[in-house]
Amino acid sequence: MADSTMSDADKIRMKRLAKLGGNSTSSPSTPNGEASTPTPAQPDASTAAASSAKPETSSTNGQNPFSQLSMNNEQEQEKKAAPQIKVPPRPASPAKRERDGSERPRSRTAERPAENIETWQDRNLRQILRATLKPEEVRDAHGHQLLFLASTRQDLVDASAPLQLNIEVLEGAITEAAGQAPDDKPFEYLLQCFKRVSRTIRGSRYSGPEDPKHAILKETRRLCMSYCIFAVTMPEMFGENVPTSNGLVDHLLADPDCETGIDTDFLTEASSRFEEDETIKEAIVGAAEELSKQLAQMTMLHDTNNYIRGFRNLLRFPKIVDAVTQSSMWMPESIEPQDIETKTLLGPFFRLSPMQLEVAQSYFSSPKTRDRGFIANAQNAVRMTLRTHQAELFQMADTIVRSGPAQRERILNWFALCVNKNHKKRAMRVDYKTVSSDGFMVNITTVLDQLCEPFMDARFSKIDRIDVNYLRRNPRVDISDETKINADQKQADEFYANKADGTSNFISEIFFLTVAAHHYGTEAAQTRTATMQKSAKRMEKDLEQFEADRAKYANDPRYAQRFEEALTKMKKQIDDSWSTIHATHGALLDDLTQARSMQFMRYVIVWLLRLGSHQDLPKEQLRLPLPEEQPDVFRFLPEYFLEDITDNFKFITGNIPHILTPQQCEEIVQVCITFLRNSEYVKNPGVKSGLVTILFYGVQQFHNRPKGVLGDLLLGSEFANKHLLHALMKFYIEAESTGSHTQFFDKFNIRFEIFQVIKCIWSNTRYRENLAKEARVNTDFFVQFVNMLVNDVTFVLDESLSAFVKIHDLTKEVENPTFMASLNDEEKKEKTELLDDFKGRAKSYMQLTRETMEMLILFSESLADSFTMPEIVTRLADMLDYNLDSMVGPKSTSLIVQNPKEYGFNPTALLADILSVYCNLSGKDNFIHAIARDQRSYKPSNFARATEIMERKSYKSPQELHTWAQLGMAVAEAKAAEEEEEQDLGEVPDEFMDPLVYDLMKDPVILPASKAVMDRSTIRSHLLSDPTDPFNRAPLKIEDVISDVELKGRIEAWKAERKAAKAAERAGGGEKMDTSEG
């Protein structure tokens, strides 16, 4: 038959035409003139033989021979007797295509003739290489440009082999094709070949495991990969245009799913060859290094997603991770802190942050002109952008950690490098050009927080895995120059010189690294932001003063230009500062990031409390006080363990308290109370003041919670009811001396915050009941607290009222035209500045005055006995009398100032507070006699004047006024009795007089060092504020003084004798007239 003489290709072609079922006037062998259709190849010997054997009708009828077959079929169907239902054919669906655009073969119901292996091999290799052995073929059926392999064709002709591609000539064909790759990009071409052969392997059907097609495709893929590597490592073998950069980089940056992107198949094949070919590893590591170097020049304003995606694709393969982490760029030796984020492999990825100045300027342009809504929206955008980026960074780090032990060790070393090199970030004065950026360190901290999440469960089940001896086992974290919680450097060096046995687990490694990262990362950024805010406000004031001098330079163009340039520079500095501040706040106020941070800090809190208390927390209830002997592992910890907790929760309670959970609040309260109650466990007063600040922020009203996030807990917690008030009072006393150069002002800030917490809890009567019980047991402690409180009230009242007197006098001078005219410009400016200074001082001290007076009222009501102890009562009475005289006496007119509300000054309310203290102590005889003995300020007329003001202003109830009147009468009676006794005793011998206050001693004692004799109440009062002998400054405690029983007996005998003599004189009719000669 004619059909048997046709070639396989013709048979296939004819069958396709038959399926079309239409007439065609063109023969299948007719050349197609269109450029897009390949020109038929010249027939070879087998093809010619097949053509000559075709019947004449097939070439002379000019009709499609299959149309005749179709007609015959129709005639046969018509002969059938039974009618048949004709079902119209289903419309052909669009052809499915491969990623490269080539059409996928349709499934056909009709059987196609089997294709021999040589033809299949040729067809697939030509499709993979997009090459041809026929010069007339320019494009394939899909319009893709074909590469003509002239040398390969000639080799086949020379070998008298069929013009078909096969495995034997494939290597030469690949080399030839790559040499004429489009755009002189051999690697790109070879990568595309590799991806096409990979798709062919996945899409082909095989008859079984021994099917030769599979072996052919696998070998093709192997050769494509080999030559891809050659194109990267030896590009000169494909031509003279040798690229200067790593050929993999651009393709790592491309989408892996596109034709030119490096995909998983490529990296899988490449990594599998690392052992046999070191150049593959070098090429991939070099590409990773080049990605990092290019990214180091970018910010978040650039398109950096491709770099992150490309690097993450590399990290999917453990062998590549192992190679990359051994790169010379992973941890260069002797690298400077500021270079870590640009010259290490991971640095540029962690460097990306909205805190970078260029990015901050973009998000917050012209910040001084923006409203709050704009700033808030921009900060939300910053948070979303950074959150997405930090998620990518965590995936990178987590992949490295999980890829193997060696890789995990290397990334831990890199994190340790970032932390250890940046100790200067917490220095008093930081040169930010010599340390890593805040954005970089915040990203480090956030990623480490997430790496800790797997072991931080709610039950603290793995907390015992945190090794207390980690720091004594050559740790990655360098703490050698860190201040310790409660030890000096010498003691710490000796402790850590004694090394512990064993090895540290991953949980301990990551825990200690994360604590350190918080100190140098998030907490350092918070500190810098606060500093920048102060600096920006100071620059704004400087700018105002600078602009005020514009007129001086207006008439000289040379200086006017320089003035404007300097002015522009100052404005830009201010704008840059505020842009950075807003961007940093936006990043730090991320609820999700801070929630992770708090979760980690919960573990730090519980771990520290376990160390300090020797209790199995949280399974047990915490018991206070802590053991008297402090555990060494706690004492020698870096101070930042506690400092991180205080800084972290100060920031959260002060800015985003709503994210705190009840359980976290309970743990915060526990750690604050514990280390304030046992303040001897912590050396640094600044850290302890931070604990007070957390409580202070925690009781501030926000939204619909008038007592803040901690107020209700402080009121209802059994632990707080038992220990909080004592803890606050203890630190109130300690705050007298913080050791800093600003300690005088620090103590008032600390005590102000303590007052706010006490006011919040005072409504709970249990606090007052516990306080009264403890006051009876721990008398000395409460006397010391009362003494400090009285000292504060005395000081702030004196400063406030003195400031008002100065304001009154200076205002009169400034408003007097005659007086001001007599002054020169400098003197006028000095007067004005002095007035402004006193106004500022009055405003500050008046706020403190209100708070301290409120505390004095609360405590004098509950602890009247403590306020009327002999060592306290005299000073308290003298202070009250002095201020009462200032408020209602002749000097009260000097307190009249303009607009007193500007300073928060309400004279009547202040007077009412003073009277409240008087009334709270009115039932104590010691207090009444102390007032009566005040010869400087006590005046009965002041009592009457105060009554008149209170009645007129209606500031006191009738009962309170009655108590006030009764006190006035009792003091008057005591005054009369005191004067009578003084007259009875007459002149007191010097040896019976106290050398400090020059008053008759009642309980004389001998000071052991100086041997001086003074009254017990006097030395007790002195020791409350100065623990030394007043005569030689030797250390002294009240327990060390020696009662002078003999002198006390003589004083009592002398007093009895004088009183008896006076009584006898009165009984005998009075004193005898002195009739002796003058």
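Residues numbered from 1 in each chain as written. Predicted model: local features only at pLDDT ≥ 70, side-chain atom pairs only at ≥ 80, totals over all residues. Heavy atoms only, no water.

Trainee: Help me understand the nonpolar core in this model?
Mentor: Within soluble globular proteins, side chains that are nonpolar generally end up buried alongside one another. Within the largest apolar cluster, 269 residues are counted, with the highest numbers of intra-cluster contacts made by W414, F415, L714 and F859. The biggest single contributor to this core is helix α35 (residues 779–814), with 16 residues. In this structure, M532, L567, I574 and W578 belong to the second largest nonpolar core, which totals 10 residues. (Core = buried A, V, L, I, M, F, W, Y, C linked by side-chain atoms within 4.5 Å. Buried < 20%, exposed > 50% of the residue type's maximum accessible area, 1.4 Å probe, protein only. Helix = DSSP H or I, 4+ residues; strand = E, 2+ residues; numbered from the N terminus.)

Trainee: Help me out: how do you make sense of helix α32 (residues 718–734) in this one?
Mentor: Here α32 is 17 residues long and its end C-alpha atoms lie 25 Å apart, about the 24 Å a rise of 1.5 Å per residue gives. Approximately 40° is the largest bend angle found in α32, and it occurs at L724. Judged by how many residues are buried, α32 sits mostly within the fold: 14 of 17 residues are covered. Between the side-chain oxygen of the N-cap and the backbone nitrogen of F719 there are 3.3 Å, and the N-cap of α32 in question is S717. (Expected span 1.5 Å × (residues − 1). Bend = angle between axes of the 7 residues up to and from the residue. Polar contact = N/O pair within 3.5 Å; in protein donor to acceptor, adjacent residues only side chain to side chain.)

Trainee: In this structure, what is going on with the sheet that holds strand β5 (residues 1042–1043)? I would like to understand it.
Mentor: Where strands meet in a sheet, backbone hydrogen bonds hold them as pairs that are either parallel or antiparallel. Strand order across the open sheet formed by 3 strands is β4-β3-β5, with antiparallel pairing between neighbours. With one partner strand each, in any of the chains shown, β4 (1013–1015) and β5 form the two edges of the open sheet. The pairing of strand β3 (residues 1004–1006) with β5 spans 2 bridges and is antiparallel. Bridge assignment links V1005 to a residue of β5, and that residue is S1043. (Pairing = 2+ DSSP bridges.)

Trainee: Could you clarify how one ought to interpret the packing of helix α20 (residues 438–452) against helix α23 (residues 522–548) in this entry?
Mentor: The relative placement of two packed helices comes down to the angle between their axes together with the axis-to-axis distance. Interaxial distance between α20 and α23 falls to 8 Å at its minimum, and their mutual angle equals 145°. Across the interface between the two elements, D438, V442 and T445 of α20 pack against T522, A525 and R528 of α23. Here the residues of the contact of α20 with α23 sort into 2 nonpolar, 2 polar and 2 charged. (Axes fitted to C-alpha atoms, helices over the stretch in contact; angles between N-to-C directions. Contact = heavy atoms within 4.5 Å. Nonpolar A, V, L, I, M, F, W, Y, C, P; charged D, E, K, R; others polar.)

Trainee: Please clarify how the packing of aromatic side chains should be interpreted in this entry.
Mentor: One pair of aromatic rings is described through two measures. These are the centre distance and the angle between the planes. Considering all chains together, one arrives at 48 aromatic pairs under this definition. Between F511 and W607, the ring centres sit 5.4 Å apart and the planes meet at 65°, which makes this aromatic pair edge-to-face. Of the two residues, F511 sits in helix α22 (residues 506–520) while W607 sits in helix α26 (residues 591–613), which places them 96 residues apart along the sequence. Owing to a relative accessible area of 0%, F511 belongs among the buried residues under this scheme. Centroid distance Y918 to F927: 5.9 Å. Interplanar angle 55°. Geometry classified as tilted. Here a set of aromatic residues connected by ring pairs shows up, and it is made of Y470, F511, F512, Y520, F600, W607, Y640 and F641. Above the plane of the ring of F506 lies R408, whose end atom (NZ or CZ) is 5.7 Å from the centre. The ring of Y732 carries the charged tip of R751 above its face, separated from the ring centre by 4.4 Å. (Phe/Tyr/Trp six-rings, centres within 6.5 Å; stacked < 30°, edge-to-face > 60°. Lys NZ or Arg CZ within 6 Å of the ring centre and 35° of its normal.)

Trainee: Can you help me understand unusual backbone geometry in this one?
Mentor: A negative phi angle is the norm for most residues apart from glycine, just as the trans form is the norm for most peptide bonds. For the bond running from L617 to P618, omega is 0°, close enough to zero to count as cis. A cis amide bond, omega 0°, links L624 with the succeeding residue P625. Assignment of secondary structure puts P625 in the loop between α26 and α27 (632–635). For R130, which is not glycine, the phi dihedral falls at a positive 50°. As for its placement among the helices and strands, R130 is situated in the loop between α5 (117–129) and β1 (131–132). For R130, a relative accessible area of 14% translates into the label buried. Positive phi, normally seen in glycine, also occurs at D184, with a value near 55°. Along the polypeptide, D184 turns up in the loop between α7 (167–179) and α8 (186–203).

Trainee: For this particular structure, what's the right way to read the environment of F943?
Mentor: In this structure, F943 sits in helix α42 (residues 940–953). Accessibility expressed as a relative area gives 8% for F943, which makes it buried. The sequence separation of F943 and W964 amounts to 21 residues, and the corresponding C-alpha distance is 8.0 Å.

Trainee: How do you make sense of a nonpolar patch on the surface when you look at a structure like this?
Mentor: Nonpolar side chains collect at one region of the surface, where L996, V997 and F1031 lie side by side and expose about 270 Å² of accessible area between them. Note that F1031 resides in the loop between α44 (1016–1025) and β5. What makes F1031 partly exposed here is its relative accessible area of 41%. (Patch = residues over 30% accessible without salt bridge, like charges linked within 9 Å, V, L, I, M, F, W, Y side chains within 5 Å. Areas by Shrake-Rupley, 256 points an atom, 1.4 Å probe, with all protein chains shown as cover. Salt bridge = Lys/Arg side-chain N within 4 Å of Asp/Glu carboxyl O.)

Trainee: Looking at this structure, I do not really get the side chain of T868. What am I missing?
Mentor: Inspection of the secondary structure assignment puts T868 in the loop between α38 (864–867) and α39 (870–888). Accessibility expressed as a relative area gives 5% for T868, which makes it buried. Here A864 takes part through its backbone oxygen, which lies 2.9 Å from a polar atom of the side chain of T868. Contact partners of T868, with chain neighbours within four places excluded, come to V873, L921, K924, N926 and F927.

Trainee: I keep staring at the pattern of salt bridges and nothing clicks. Help me out?
Mentor: Should the charged atoms of two oppositely charged side chains come close, the side chains can pair. In the structure shown here, the tally under the stated rule is 57 salt bridges. E620 is paired through a salt bridge with R623; the nearest N and O atoms lie 3.4 Å apart. You can call E620 partly exposed: its relative accessible area is 34%. For R623, a relative accessible area of 49% translates into the label partly exposed. The salt bridge partner of R1050 is E991, with a shortest N-O separation of 2.4 Å. In this pair, R1050 is assigned in helix α45 (residues 1045–1067) and E991 in the loop between α43 (958–985) and β3, connecting sequence segments 59 residues apart.

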